[in-house]
Amino acid sequence: MDIQQPLSLLGGLTPAQFMRRHWQKKPLLVRQAIPQFTPPVLRSELFALAAQEGVESRLVQLAKGAWKLRHGPFQRRALPALQQPDWTLLVQGVDLHNDAVHALMQQFRFVPEARLDDLMISYASPGGGVGPHFDSYDVFLLQAHGRRRWRIGRQKDLTLRDGIPLKVLAQFEPEEEFVLEPGDMLYLPPRYAHDGIAEGECMTYSIGFRAPARAELAQELLVRLAEDAADEGSPLLYRDAQQEAVPQPAAIPAGLQDFARDALARALAQPLVLERALGEYLTEPKPSVWFQPGDAGVMLEGVRLDRRSRMMYDTHHVFINGESYRAAGRDATLMRRLADERRLSARELARASDDALELLSSWCDAGWAHVWAE
Ligand code: SIN
Ligand code: CO
């Protein structure tokens, strides 16, 4: 993507300008971000997705002033009638299930893939909404069908209402209000308070991001480092030939503390171990994702990544779906191109080494990639 090219998606800003001025900083309202937008998912298709096992869905209802939340899957008859006001069905990760939605999400890849999470679709009956709240992550709210009234504010008081199953702000103080029509889009930075209420039946697409939490990331990386360290042959045991007899047996020996510190330092000192663990973690498929084995075969045509595949790279590796590979030279260039563009033409593949072709073929075999004819 040319990050210096003004985009109607960003109201005429270039991705570079958007990131500098708005990302994690301030909202942006874009009228007709996608002109003549035709939503790729019909209401009936969304309801069918919400009925599937392995698709995360929620139903939020406001009835007689009380918020109710239920988790899917939902059979159609478990959803309220369309004429009934004030309910919302939210379906997470639609990009994993629909190629057109996945393609729509690719327009936001001026943000690093490591930060992109999923595309959620909400369907609301008239008056439906999830209450005034804030999210911890950035979000682009793209109006797909019908109209939604958004009220937003830089709320200081983020206290939540007690005793309800949803995160709803106790004292919402909106500062601005907009009605979004199909194709309009609102970007909100993390923790910006918002409340969207459907004016008639409406569907909203949320392009959501993820940001690792420091503690969770440390935990994930340490588990992977420990697995790597455990793979290194026979375990090296703590030895204490010089240990003296102790009158206070419960005291932990200082030598054992040093051994522990050294164990961690050694695990971290392995070249590239942290980089590898991070790439594997970031490309790990979501728990609900499984791949159908495809057909291997010779790469005479191009290749494209499956929409569920996560592929990234760093200076020394390429990562795909939680696996890492050392890559250098021409093959690395090619694999990086595949990760960035999510496809390689037959012409590009013609330059691949036999090893790279074999790897690509095994990915096709696993259903991570598919043969692609331009
Ligand atoms: C919705 O689409 O109803 C809710 C999206 C949000 O407020 O984050
Ligand atoms: Co929100």
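Now for a quick tour of the structure. (Residues numbered from 1 in each chain as written. Chains lettered and ligands numbered in written order. Predicted model: local features only at pLDDT ≥ 70, side-chain atom pairs only at ≥ 80, totals over all residues. Heavy atoms only, no water.)

**Quick look at the overall build of the protein chain**
Counting secondary structure elements, the protein chain contains 9 helices and 15 strands. With respect to the principal axes defined by its C-alpha atoms, the protein chain has extents near 75 × 70 × 45 Å. Within the span of the protein chain, comprising 374 residues, buried residues form 43% of the whole. Counting only contacts in the protein chain whose residues sit at least 6 apart along the sequence, the fraction spanning at least 24 positions is 75%. Side-chain charges of the protein chain comprise 43 positive and 50 negative groups, with the mean position of each set lying 6 Å from the other. (Helix = DSSP H or I, 4+ residues; strand = E, 2+ residues; numbered from the N terminus. Buried < 20%, exposed > 50% of the residue type's maximum accessible area, 1.4 Å probe, protein only. Contact = heavy atoms within 4.5 Å. Lys, Arg positive; Asp, Glu negative; His and termini not counted. Charge placed at Lys NZ, Arg CZ, Asp CG, Glu CD.)

**Quick notes on the packing of aromatic side chains**
Under the definition given, this model contains 17 aromatic pairs. Residues Phe18 and Phe110 carry aromatic rings whose centres are separated by 5.9 Å and whose planes lie at 75° to one another, so their mutual orientation is edge-to-face. Within this pair, whereas Phe18 is found in helix α1 (residues 15-21), its partner Phe110 is found in the loop between α3 (99-106) and β5 (116-124), the two being separated by 92 residues in sequence. Phe18 sits in the buried class, given a relative accessible area of 0%. Of the aromatic side chains, those joined through ring pairs into one cluster are Phe18, Trp23, Phe108, Phe110, Phe140, Tyr187 and Phe209. (Phe/Tyr/Trp six-rings, centres within 6.5 Å; stacked < 30°, edge-to-face > 60°.)

**Some remarks on the side chain of Asp306**
Within the element layout of this structure, Asp306 appears in the loop between β10 (302-305) and β11 (311-313). Excluding residues that lie within four positions of it along the chain, Asp306 makes contacts with Phe291, Arg342, Gly367, Trp368, Ala369 and His370.

**Some words on the site of ligand 1**
Taken together, Leu90, Met120, Ser122, Val130, His133, Asp135, Leu141, Arg148, Trp150, His194, Thr204 and Ser206 are the residues near ligand 1. Between ligand 1 and His133 there is a distance of 3.1 Å, counted from an oxygen atom to a side-chain nitrogen or oxygen. In this structure, an oxygen atom belonging to ligand 1 sits 3.2 Å away from a side-chain N or O atom of His194. Considering ligand 1 on its own, with 260 Å² of exposed area, one finds that the protein chains cover 94% of that surface. (Near = heavy atom within 4 Å. Polar contact = N/O pair within 3.5 Å; in protein donor to acceptor, adjacent residues only side chain to side chain. Areas by Shrake-Rupley, 256 points an atom, 1.4 Å probe, with all protein chains shown as cover.)

**Some words on the coordination of the cobalt ion (ligand 2)**
Metal coordination angles have textbook ideals: 109.5 degrees for a tetrahedral set of four donors and 90 or 180 degrees for an octahedral set of six. Protein coordination of the cobalt ion (ligand 2) is provided by His133 (NE2), Asp135 (OD) and His194 (NE2), with donor distances spanning 2.0 to 2.1 Å. Along the chain, the residues that donate to the cobalt ion (ligand 2) are spaced as H-x1-D-x58-H. Highlighted residues: Asp135 in the loop between β5 and β6 (139-153) and His194 in strand β9 (residues 193-209), separated in sequence by 59 residues. For Asp135, a relative accessible area of 29% corresponds to the partly exposed category. (Donors = N, O, S within 2.8 Å, 3.2 Å for Na, K, Ca; no water.)

**A look at helix α7 (residues 329-341)**
Taking 1.5 Å per residue, 13 residues should reach 18 Å; α7 reaches 18 Å between its end C-alpha atoms and fits that length. Here α7 has its buried residues at Asp331, Ala332, Leu334, Met335, Leu338 and Ala339. Down the axis of α7, the smallest arc covering the buried residues is 165°, so these residues share one side. Within α7, the exposed residues directed more than 90 degrees away from the buried face are Gly329, Arg330 and Thr333. Among the structural elements, β10, β11, β12 (317-320), β14 (343-344), α8 (346-349) and α9 (354-366) are those in contact with the buried residues of α7. (Expected span 1.5 Å × (residues − 1). Arc of directions from axis to C-beta.)

Worth remembering: the numbers are spatial, not functional.
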